[in-house]
Amino acid sequence: MYMKVLSLFAAVVLMAACSSTPKDSGNANGAGLGNNGMTTGSGIGNGSVRPGTQEDLAANVGDRVFFQYDHTDLTPEGRATLDRQAAWLKQYSQLTVTIEGHCDERGTREYNIGLGNRRATAVKNYLVALGISSSRVAIISYGKERPAVVGDSEDAFAQNRRGVTIVN
Amino acid sequence: MTMMAAFLPRVWTGFGAALVLTILTITAPARADLNLDLTRGTLQPIPIAITSFLGAGAAANTGQRLAGVVSADLERSGYFRPVDPSAFTQDPAALQGTPRFADWKLLQAQALVTGAVSVQADGQLRVEFRLWDVVAEQQMTGLAFMSTPDNWRRVAHKVADAIFKRVTGVNGYFDSRIVYIAETGPAIKRQKRLAIMDQDGERHQFLTNDNTLVLTPRFSPNSQEIAYLSYYGGKPRVYLFNIETGRQQVLGDFPGMTYAPRFSPDGGKVIMSLSDGSNSNIYTLDLQTRHQTRLTDGPSIDTSASYSPDGRQIAFESDRGGTQQVYVMNADGSGLKRITFGNGRYGGPVWSPTGEYIAFTKLAGGHFAIGVVHPDGTGERTLVESFHAEGPTWAPNGRVLMFFREGSSSDGRGKSASLYAVNLFGGNERRVTTPVDASDPAWSPLLP
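Conventions we followed
- Residues numbered from 1 in each chain as written.
- Chains lettered and ligands numbered in written order.
- Predicted model: local features only at pLDDT ≥ 70, side-chain atom pairs only at ≥ 80, totals over all residues.
- Heavy atoms only, no water.
- Helix = DSSP H or I, 4+ residues; strand = E, 2+ residues; numbered from the N terminus.
- Buried < 20%, exposed > 50% of the residue type's maximum accessible area, 1.4 Å probe, protein only.
- Contact = heavy atoms within 4.5 Å.
- Pairing = 2+ DSSP bridges.
- Axes fitted to C-alpha atoms, helices over the stretch in contact; angles between N-to-C directions.
- Core = buried A, V, L, I, M, F, W, Y, C linked by side-chain atoms within 4.5 Å.
- Domains from an automatic or database assignment.
- Buried area = accessible area lost by both parts, 1.4 Å probe.
- Salt bridge = Lys/Arg side-chain N within 4 Å of Asp/Glu carboxyl O.
- Polar contact = N/O pair within 3.5 Å; in protein donor to acceptor, adjacent residues only side chain to side chain.
- Nonpolar A, V, L, I, M, F, W, Y, C, P; charged D, E, K, R; others polar.
- Parallel < 35°, antiparallel > 145°, perpendicular 65-115°, else oblique.
- Left-handed = near helix turned anticlockwise from the far one by under 90°.

### Overview of the overall build of chain A
Phase 1: Helix and strand counts for chain A stand at five helices and four strands.
Phase 2: Beginning at the N terminus, the succession of helices and strands in chain A can be written as α-α-β-α-β-α-β-α-β.
Phase 3: Per-residue burial for chain A yields a buried fraction of 53% across its 168 residues.
Phase 4: Restricting to contacts in chain A with at least 6 residues of sequence separation, those with at least 24 account for 76%.

Pasting the structure below:
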């Protein structure tokens, strides 16, 4: 069982590594920016964030990963974020999550729904490969219906091409 | 509907060169490439005088309003230019006989519409009209319609359709409806609901509340039902909305997200995409038997399926070749053929009601375009280029398309979305007025 998980993990990493191109930094880490790893209690923001909540995930782990235009491969930054998410989900093993797949506005509505599903699935598959039970991880695609930020700049588009982990 | 007076089957010769040009551009799409600039720049609309319909008693006010709706329909088509009624020198009562053609020639009207409206003893509204060729001094057509008084707008649209067809030789499209997505609220939390209206924006009605995200509505062939995507309960699925009863039901029992629905031309099936997470494939659901049939299979996003009007073929988009492109296949999934090869990505194909074109949304160089192409891949042309234009739908006669534009949010107004209509040659673009922001239009067939 242990071996199986390990080899699955390796396969995912290889797949992602050979098909992804590094993206320019700057907006790659979103809500998780500046936080390396788990919460230490030293307090980004305020100390009132309850452990094991969406706020905890967003502030101290990183609740989202970003994608390149018309791509569904995880970036190295994205995989690092998901590594932390997997550890966090193992710590709070009672939680279930839904992965939202989102796209920027530079695509047609229906194609973006398909693309959002793929992005959400890429995130889910990575978490599952790290040992999170697939029954704990649901997916939903919002296509381009729920941008995170408003704007027509490449920076805004980059922030909207994302997979967001939502605690149910 | 009964024929009131036989029209003279003589060729209408009075319109001169302008009419000839119009007929050519309307009826000869094969020459559209040659005529593109001509149709954009130099189309001469036919001057038409539309007089108030003579009304008595309970129908006294209706006559003016009927003429107003007919006039607005014909003007909006781009093929007619209504003459200013304040210059008219013959009143509706005098026009119940043969018109004084010299008066109308003086106003340079080439066509004249006269009519009368009354409420019958049984409460029925009776509307009659005649279309006159002013230059040839003869009647072209005359029809009478009976309906209930509250249906007067639809009768006016039917009059406009009859005039359009008699003059252009092409079916009209005015007695039809639009279902679309009404948008309110900020971009990051946009509220979307189903709305329906007449093709001219009147008789507007919201069909759903704003609690549930809904997208991409499409009419059934009898215009009684709408297939659409709803995020009800956080489980996005294709739903069916019955316009008369307001009843909504999920379509089919699929294991994952379904989206991008369209009816088959006979109304018996809905075609849609089913996502397995990574890939989306095209399925049909038989509305009678509830039998599901898978039509495509592969590691790609196959979506936006649209039947040809004879039901024998299906256009759809797929990224199986690396980027979004439009493909055509037989209705059973065989005989696959890619039909778009230009620069950029092609999506959202919609087969025209005449069968001769497939409309699409194109992305190239960071911009959107609406275009058309023949089903064999030839004759591609762009109708509209824009920062963001998307989602074409065809008027019932296949000569006009409606689509939506989104504004740039960097212009300081925040996100905006509006409906527009444009003709098959990219000309006569008009904004369609809606009470709130609007997207995802779908045009009904001509109403019965």
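Don't stop here, the text continues.
### Quick notes on unusual backbone geometry
Phase 1: Notably, S223 of chain B is not glycine yet its phi reads approximately 65 degrees, a positive angle.
Phase 2: With respect to the helices, strands and loops of the structure, S223 of chain B is situated in the loop between β11 (214–219) and β12 (225–230).

### Details of the sheet that holds strand β13 (residues 237–242) of chain B
Phase 1: Spatial ordering of the open sheet is given by β11-β12-β13-β14 (chain B), a layout of four strands whose pairing is antiparallel. Edge positions in the sheet fall to β11 and β14 (248–250) of chain B, since each of these pairs with one other strand and no more. Each adjacent strand pair in this sheet contributes to an overall mean axis angle of 25 degrees, direction not counted.
Phase 2: Sheet topology note: the β12 of chain B/β13 of chain B ladder contains six bridges and is antiparallel. Looking at β13 of chain B, one finds that L229 of chain B is bridged to V238 of chain B.
Phase 3: In this fold helix α4 (residues 109–129) of chain A packs onto β11 and β12 of chain B, with an angle of close to 130 degrees to the strand it touches most, β11 of chain B.

### Let's talk about the sheet that holds strand β28 (residues 400–406) of chain B
Residues and elements named next belong to chain B.
Phase 1: With respect to topology, four strands assemble into an open sheet ordered β27-β28-β29-β30, the strand pairing being antiparallel. The sheet terminates laterally at β27 (389–394) and β30 (430–432), the two strands that pair on one side only. For this sheet, the mean inter-axis angle between neighbouring strands, taken without regard to orientation, is 30 degrees.
Phase 2: Where β28 meets strand β29 (residues 417–423), seven bridges bridge the pair, whose relative direction is antiparallel. Considered in β29, the bridge of V400 is made with N423.

### Examining the nonpolar core
Phase 1: By size, the foremost hydrophobic cluster in this structure holds 63 residues, and its most contacted members are I48, F53, L74, F80, F129, L131 and I163 of chain B.
Phase 2: With nine residues, the top contributor of residues to this core is helix α5 (residues 152–168) of chain B.
Phase 3: Both of domain 1 (2–168) and domain 2 (177–443) of chain B provide at least three residues apiece to this core.
Phase 4: Not counting chain neighbours up to four residues away, the residues in contact with F53 of chain B comprise G63, Q64, L66, A67, V113, G115, A116, V117, V127, E128, F129 and V159 of chain B.
Phase 5: By size, the runner-up hydrophobic cluster in this structure holds 21 residues, among which are L74, A120, I132 and V167 of chain A.

### Structural notes on the interface of chain A and chain B
Phase 1: The partner chain B presents 46 residues to the 28 residues of chain A that form the contact.
Phase 2: With both sides pooled, the region where chain A packs onto chain B buries about 3,000 Å², and carbon together with sulfur makes up 50% of that total.
Phase 3: Looking at the side of chain A facing chain B, the largest losses of area belong to R106, R109 and E110 of chain A, adding up to 25% of the total buried there.
Phase 4: Inspection of the chain A/chain B interface yields six salt bridges.
Phase 5: Residue E390 of chain B pairs with K144 of chain A through a salt bridge whose shortest N-O separation is 2.6 Å.
Phase 6: Here chain A and chain B share 19 residue pairs in polar contact (both at pLDDT 80 or more) between them.
Phase 7: Of all the secondary structure elements, the ones that give two or more residues to the side of chain A that touches chain B are α4 and β3 (137–143) of chain A.
Phase 8: Per element, the largest residue contribution to the side of chain A that touches chain B is nine residues, and it comes from α4 of chain A.
Phase 9: Residues of the side of chain A that touches chain B, tallied by class, amount to 11 nonpolar, seven polar and 10 charged.

### Describing the packing of helix α2 (residues 54–61) of chain A against helix α3 (residues 76–91) of chain A
How two helices pack is summed up by the angle between their axes together with the distance between the axes.
Residues and elements named next belong to chain A.
Phase 1: With their axes 11 Å apart at the nearest point, α2 and α3 run at an angle of 140 degrees to one another. If you check the angle between α2 and α3, you find them oblique. Crossing of α2 against α3: the hand is right-handed. Packed against α2, whose contacting residues are D56, L57 and V61, the element α3 presents T81, R84, Q85 and W88 at the interface.
Phase 2: Here the residues of the contact of α2 with α3 sort into three nonpolar, two polar and two charged.

### Quick notes on the side chain of T62 of chain B
Phase 1: Looking at where T62 of chain B falls in the secondary structure, it is placed in helix α3 (residues 62–77).
Phase 2: Not counting residues within four places of it along the chain, the set of residues in contact with T62 of chain B comprises V117 and W152 of chain B.

### Here's the deal with the pattern of salt bridges
A side chain of one charge can pair with a side chain of the opposite charge if their charged atoms are brought near each other.
Phase 1: For the coordinates displayed, the defined rule picks out 29 salt bridges over all chains.
Phase 2: Taking the shortest distance from any N to any O, the salt bridge between E75 of chain B and R430 of chain B comes out at 2.9 Å. Here E75 of chain B, found in helix α3, pairs with R430 of chain B, found in strand β30; they are 355 residues apart in sequence, far enough to count as distant.
Phase 3: As a salt-bridge pair, E380 of chain B and K362 of chain B come within 3.7 Å of each other at their nearest N and O atoms. Of this pair, E380 of chain B sits in the loop between β25 (367–373) and β26 (381–386) while K362 of chain B sits in strand β24 (residues 358–364); the two residues are 18 residues apart in sequence, bridging distant segments of the chain.
Phase 4: Under the relative-accessibility criterion, E380 of chain B is labelled partly exposed at 30%.
Phase 5: With relative accessibility at 14%, the residue K362 of chain B sits in the buried group.
Phase 6: One connected set of salt bridges, linked through shared partners, spans R109 and E145 of chain A together with E183, R190, K192, D437 and D440 of chain B.

### Examining the packing of α3 of chain B against α5 of chain B
All names here are of chain B.
Phase 1: Running from N to C, α3 and α5 cross one another at 45 degrees; their axes reach a closest spacing of 9 Å. Relative to α5, α3 is oriented oblique. The hand of the α3/α5 crossing is right-handed. Across the interface between the two elements, T62, R65, L66, V69, V70, D73, L74 and S77 of α3 pack against W152, R153, A156, H157, V159, A160, I163 and F164 of α5.

### Thoughts on the environment of N428 of chain B
Residue and element names in this part refer to chain B.
Phase 1: Here N428 is to be found in the loop between β29 and β30.
Phase 2: Along the chain, N428 and Y79 lie 349 residues apart, while their C-alpha atoms are 9.1 Å from each other.
Phase 3: Setting aside chain neighbours within four positions, we find N428 in contact with R76, S77, G78, A421, V422 and N423.
Phase 4: Polar side-chain contacts of N428 include one of 3.0 Å to the backbone oxygen of S77.
Phase 5: There is a polar contact of 2.9 Å between the side chain of N428 and the side chain of R430.

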